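Understanding the architecture of this molecule
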Amino acid sequence: MQRRIAHLDMDAFFASVELLRYPQLAGQPVVVGGRRGALAGDRLEDFPRLRHYVGRGVATTATYPARALGVHSGMGLMKAAALAPDAILLPANFDDYIRYSRLFKAAVAEIAPLIEDRGIDEIYIDLTEVPGETVELAQRIKDAVRAATGLSCSIGVTPNKLLSKIASDLQKPDGLTVLDYADIPTRIWPLDARKINGIGPRAGEKLDTLGIHTIGELAAAAPEKLIEEFGQHYGHWLTEVAHGCDERPVVTERETKSISRETTFERDLDVRADRDTLTDILVKLCDRVAGDLKRKGYVGRTIGLKLRYDDFRTVTRDITIEQATDDAATILAAVRSCLKRVPLDRRLRLLGVRVGTLLPPGEAGPRPPLPGENLRLFD
Amino acid sequence: MLLLTTTRDALLAPLQSVAGIVEKRHTLPILSNVLIEKHGDQLTLLATDIEIQIRTTTGGHIGGEDTSITVAAKKLQDILRALPSEGEVVVTLDDKRLTVKAGRSRFALQTLPAADYPRMNLPDGDATRFSISQKSFKRQLAQVAYAMAQQDIRYYLNGLLLIADGKELRMVATDGHRLAFASSPLEAEVPRTEVILPRKTVMELARQLADSEDPLEVVLAGNQVVFRFGPIELVSKLIDGKFPDYERVIPQNHQKLLTFERTPLLATLSRVAILTNDKFRGVRLVLGDGTLKIASTNAEQEEAQEELEVDYHGDPLDIGFNVTYLLDVLTNTHEDQIEWRFNDGNSSALVTLPGNDRFKYVVMPMRI
């Protein structure tokens, strides 16, 4: 039987939650990110503007008016400020996001219990066994989410997770897109190959050099050629996904074991000559991992470093810290201590940072105060 | 049209009691203004920022016609302040301009119609009411108000928890790092009522209440509170939020007890505080047999150290605090002695007044 899988993605989730708190900001370009700070008040002119931001923070979300100015999540705030200087900058309130995340997931579970948690703002739902016509059912889920949270979401319903993930993005915000295999040539093939979850910037670049830009062009490419260029595993997978094939089940019980980020360099880097570049990369990796942890609502105690040398040998080192963390600076300090335990006599082609032994923050106890920080009364 | 003939002080005093809440910047221009109502010999001034409204009525203004008008509060206040305190002030209203004349000075101010001025409706329905001396309420506010948060994202901490319960009035304020609690007796019994007063309302009351036995009438109803004292009526919205459970964080069994003379301890801490900086206000307390060492260091590796003799012979203790939180409680209490209880370096400390269970101050340590 053909499956019916939905991907539900909350629209500009963090920013939308902030708008619930500050309805006066509706319609304004708002960017969530940066440090937690106090607001001067809640009148429009009291809110900090992006142009005043100085620092290395990244945008975790942007409202649609901010996105229209070119700001997107993951973008450095200083860069975002250049695009949208008058956008309002709000600090992230992860406690709230986690609360709303639980609310919307509970609302969906009332209608369809088979849910795969994909993080704080997105889920896959297996609707195969749920009675009801697809569009009507998806609308019912959207309505339930709105009733429970006051927030809008976008849903894609297709025969598998791969296509649903793409479909939910087609009509954002507040979208509802139902696709079948027959729709692939018209709706999926014209899209940029990078729309496929699993084709990142570097694979995308390499496809570009092969003259493959759209998913359709990827589907038309010779499978042997892709395997030759990308290796057996990834090459085969590219052909599969380009044809919309994906048999992965909706996994309702899945424990995230670790969260990691890694990057392969444009060219192999020398530990001494390219020290600054390597430091930058390491700092960014830690920031990203910390961001992933926060977004997914985890803290972790085991922090690991992965290195690949120019001869493709890979080494890893890890360290277990006392208190589970999602703090970029703490992760960086741990990674640096791992770095002291690896030989650095060859050029490097890859760096990776991983945080494992994950706990949801609720179970991890309060984050320990840093030196110079006051202990809290109400944790 | 003559509005009134008066003296500077007779007009400035009531204006100052309402104009304090007028905000400098806001979206509604008329909120810069004060509403002036002349009715018979009664002059009523009213100002609001939509969250708080203050009204005061004074009598004895003979002559002039009855009318209502609004005019820029700060400008009128600045003008009256700058005039000589003696001498006649004549206020007239012609062609939508309010003219203030005194001696050879003349000021013509733009007005906006009184009908456009936003007013807060007085709460109706079930209310909790009580009366307390202004002095008592003011003193109790002073014991806790400094612990309120300021512009915290946890908006409910930017205010003061007021609990009227039976024959007791309790106040609690906290910024999440320290908490101040004070209670006072009420004469008549009231049903338990719990509200959070906004920070601005608290500051305004602290500024305006008198150190006298004159009564303060408090009416709590719906999401509003009304304070009436002397000629003043202050209406405020309340903060709608859940205040943290303060009772849970007041320690009950801290064993290590120290008693200090308040003034010398304040002097000691003030000296040690000199070598802390705005970013890091930490001081380190090392308690040993018969002595308490208080020390600070800063980023430039400078150090301050003080040693106090104390009547203490228990386990040693090494604990850090934000010195501001310690200075706050010492400057805002006025008894000669204070008691200080500790548990360990990661637990809160409890400050109380000897023989007085109506005041408690809890402060969390700082990691040094």
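All values derive from a computational prediction rather than experimental measurement. (Residues numbered from 1 in each chain as written. Chains lettered and ligands numbered in written order. Predicted model: local features only at pLDDT ≥ 70, side-chain atom pairs only at ≥ 80, totals over all residues. Heavy atoms only, no water.)

1. Some words on the overall build of chain A
As a reminder of what qualifies: Comment: elements are numbered from the N terminus, with helices defined as DSSP H or I runs of at least four residues and strands as E runs of at least two. Here's how the labels work: a residue is buried when its accessible area is under 20% of the maximum for its type, exposed when over 50%, partly exposed in between, all with a 1.4 Å probe on protein chains only. The contact rule is simple, with two residues in contact once any of their heavy atoms fall within 4.5 Å. In short, Shrake-Rupley with a 1.4 Å probe defines the accessible areas, and a residue's cover is counted only from the protein chains shown.
When its secondary structure is counted, chain A shows 14 helices and twelve strands. Counting only residues that meet the buried cut, chain A has 47% of its 379 residues in that class. Once local pairs closer than 6 in sequence are excluded, the contacts in chain A between residues at least 24 apart make up 67%. Summed over its atoms, the accessible surface of chain A is roughly 18,400 Å², and 51% of this surface lies on carbon and sulfur atoms.

2. Observations concerning the sheet that holds strand S2 (residues 33-39) of chain B
All names here are of chain B. Put simply, the rule is: Paired strands are those between which DSSP finds at least two bridges. Here the axes come from fitting lines to C-alpha atoms, over the contacting stretch only for helices, and the angles between their N-to-C directions go from 0 to 180 degrees.
With respect to topology, twelve strands assemble into an open sheet ordered S1-S6-S7-S8-S5-S2-S3-S4-S14-S13-S12-S9, the strand pairing being antiparallel. Either end of the sheet is taken by a strand with one partner, and the two such strands are strand S1 (2-7) and strand S9 (128-133). On average, each strand axis in the sheet is tilted by 20° relative to the strand beside it, whichever way the strands run. For strand S6 (residues 88-94) and strand S7 (residues 97-102), the ladder comprises five bridges, and the chain directions are antiparallel. Residue Leu 93 lies in a different strand from S7, and its bridge partner there is Leu 98. Here helix H3 (residues 134-144) sits on the sheet and contacts S9, strand S12 (215-221) and strand S13 (224-229); the angle it forms with S9, its principal contact strand, is near 95°.

3. Let's talk about the sheet that holds strand S18 (residues 303-309) of chain B
Residues and elements named next belong to chain B. Across the sheet, which stays open at both edges, the four strands sit in the order S18-S17-S16-S19 with antiparallel pairing between neighbours. Looking at which strands have only one partner, the edges of the open sheet turn out to be S18 and strand S19 (317-322). Going from strand to strand, the sheet's axes swing by 20° on average, the running direction of each strand aside. Two strands pair when backbone bridges link them, and strand S16 (residues 282-288) and strand S17 (residues 291-297) are joined in this way by five bridges, in the antiparallel orientation. Note on S17: the bridge partner recorded for Leu 287 is Leu 292.

4. Concerning the packing of helix H10 (residues 223-230) of chain A against helix H11 (residues 232-242) of chain A
All names here are of chain A. Quick note on the threshold: What sets the label is the angle itself: under 35 degrees gives roughly parallel, over 145 gives roughly antiparallel, 65 to 115 gives roughly perpendicular, and the rest give oblique. For a crossing to be left-handed, the near helix must be turned anticlockwise from the far one by less than a right angle; the clockwise case is right-handed. Classes in brief: Ala, Val, Leu, Ile, Met, Phe, Trp, Tyr, Cys and Pro nonpolar; Asp, Glu, Lys and Arg charged; the others, Gly included, polar.
Taken N-terminus to C-terminus, the directions of H10 and H11 make an angle of 140°; their axes are 7 Å apart at the nearest point. The angle between the axes of H10 and H11 places the two elements in the oblique class. As H10 packs across H11, the resulting crossing turns out to be right-handed. Taken together, the residues of H11 that come into contact with H10 (itself represented by Pro 223, Leu 226, Ile 227 and Phe 230) are Gln 232, Tyr 234, Gly 235, His 236, Leu 238 and Thr 239. Of the residues that constitute the contact of H10 with H11, the class distribution is six nonpolar, four polar and no charged.

5. As for the pairing of S12 of chain B
Residues and elements named next belong to chain B. Counting buried positions over the seven residues of S12 gives five, a clear majority of the element. One ladder, built from six bridges, connects S9 with S12; its direction is antiparallel. Across the sheet, the residue bridging to Ile 132 is Leu 216, located in S12. Inspection of the sheet shows S12 paired to S13 by six bridges, in the antiparallel sense.

6. Considering the pattern of salt bridges
Residues and elements named next belong to chain A. Going by this rule: For this analysis, a salt bridge means a side-chain nitrogen from Lys or Arg found within 4 Å of a carboxyl oxygen belonging to Asp or Glu.
In this structure the tally under the stated criterion is 46 salt bridges over all chains. The closest approach of N and O atoms between Asp 96 and Arg 99, which form a salt bridge, is 3.7 Å. Remark: Arg 99 and Asp 96 occur in helix H4 (residues 94-111); sequence separation between them is three residues, near one turn of the helix. A residue is classified by how much of its surface remains accessible, and Asp 96, at 18% relative accessible area, is buried. Residue Arg 99 is classed as partly exposed on the basis of its relative accessible area, which comes to 45%.

7. A few points about H11 of chain A
Taken as a whole, H11 of chain A has its buried residues at Gly 235, Leu 238, Thr 239, Val 241 and Ala 242 of chain A. Close packing links the buried residues of H11 of chain A with helix H6 (161-168), helix H7 (184-188), helix H9 (215-220) and H10 of chain A.

8. Examining the nonpolar core
The line we're drawing: The nonpolar core is taken to be a set of buried Ala, Val, Leu, Ile, Met, Phe, Trp, Tyr and Cys residues, with the residues joined through side-chain atoms within 4.5 Å.
Counting 101 residues, the largest nonpolar core has Phe 137, Phe 227 and Trp 340 of chain B as its most contacted members. Membership of the second largest hydrophobic core comes to 35 residues, among which are Ala 6, Ala 12, Ala 15 and Ala 107 of chain A.

9. A word on the UniProt feature "site: Substrate discrimination" (unreviewed entry) in chain A
Residue and element names in this part refer to chain A. Note the cut-off: UniProt positions are given in the numbering used here, feature names are shortened, and annotations may be inferred rather than shown by experiment.
Mapped onto this numbering, the UniProt entry gives "site: Substrate discrimination" (unreviewed entry) at Phe 14. Relative to the elements of secondary structure, Phe 14 occurs in helix H1 (residues 13-21). Under the relative-accessibility criterion, Phe 14 is labelled buried at 3%. With sequence-adjacent residues up to four places away left out, Phe 14 is seen in contact with Val 32, Thr 60, Thr 61, Phe 94, Tyr 97, Ile 120 and Arg 295.

10. Some points on the packing of aromatic side chains
Rule in force here: Pairing of aromatic rings covers Phe, Tyr and Trp, the last through its six-membered ring, and needs centres within 6.5 Å; plane angles under 30 degrees mean stacked, over 60 mean edge-to-face, and all others mean tilted. Cation placement over rings: the criterion is NZ of Lys or CZ of Arg within 6 Å of the ring centroid and within 35° of the ring normal.
Enumeration according to the criterion identifies 14 aromatic pairs over all chains in this entry. Ring plane angle 40° and centroid distance 5.9 Å describe the contact between Tyr 146 of chain B and Tyr 361 of chain B, whose orientation is recorded as tilted. You can see Tyr 146 of chain B sitting in the loop between H3 and strand S10 (159-174) and its partner Tyr 361 of chain B sitting in strand S22 (residues 356-363), a full 215 residues away along the chain. Neither residue differs from the other here; Tyr 146 of chain B and Tyr 361 of chain B are each classed as buried. Centroid distance Phe 321 of chain B to Trp 340 of chain B: 6.1 Å. Interplanar angle 40°. Geometry classified as tilted. Placement of Phe 321 of chain B in strand S19 and of Trp 340 of chain B in strand S20 (residues 337-342) is noted, with a sequence separation of 19 residues between them. Chaining the aromatic ring pairs together yields one cluster made of Phe 13, Phe 14, Tyr 97 and Phe 104 of chain A. The lysine or arginine in question, Arg 67 of chain A, covers the ring of Tyr 64 of chain A, its NZ or CZ lying 4.7 Å from the ring centre.

11. Here's the deal with the state of the cysteines
All names here are of chain A. Stated precisely, the cut-off is as follows: Throughout, a disulfide means two cysteine sulfur atoms within 2.5 Å of one another.
Evaluation of the coordinates by the stated rule reveals zero disulfides over all chains. Between Cys 286, a free cysteine, and Cys 338, which holds the nearest cysteine sulfur, the sulfur-to-sulfur gap is 9.9 Å. For Cys 286, a relative accessible area of 1% translates into the label buried. Judged by relative accessible area, Cys 338 falls into the buried class, the value being 0%.

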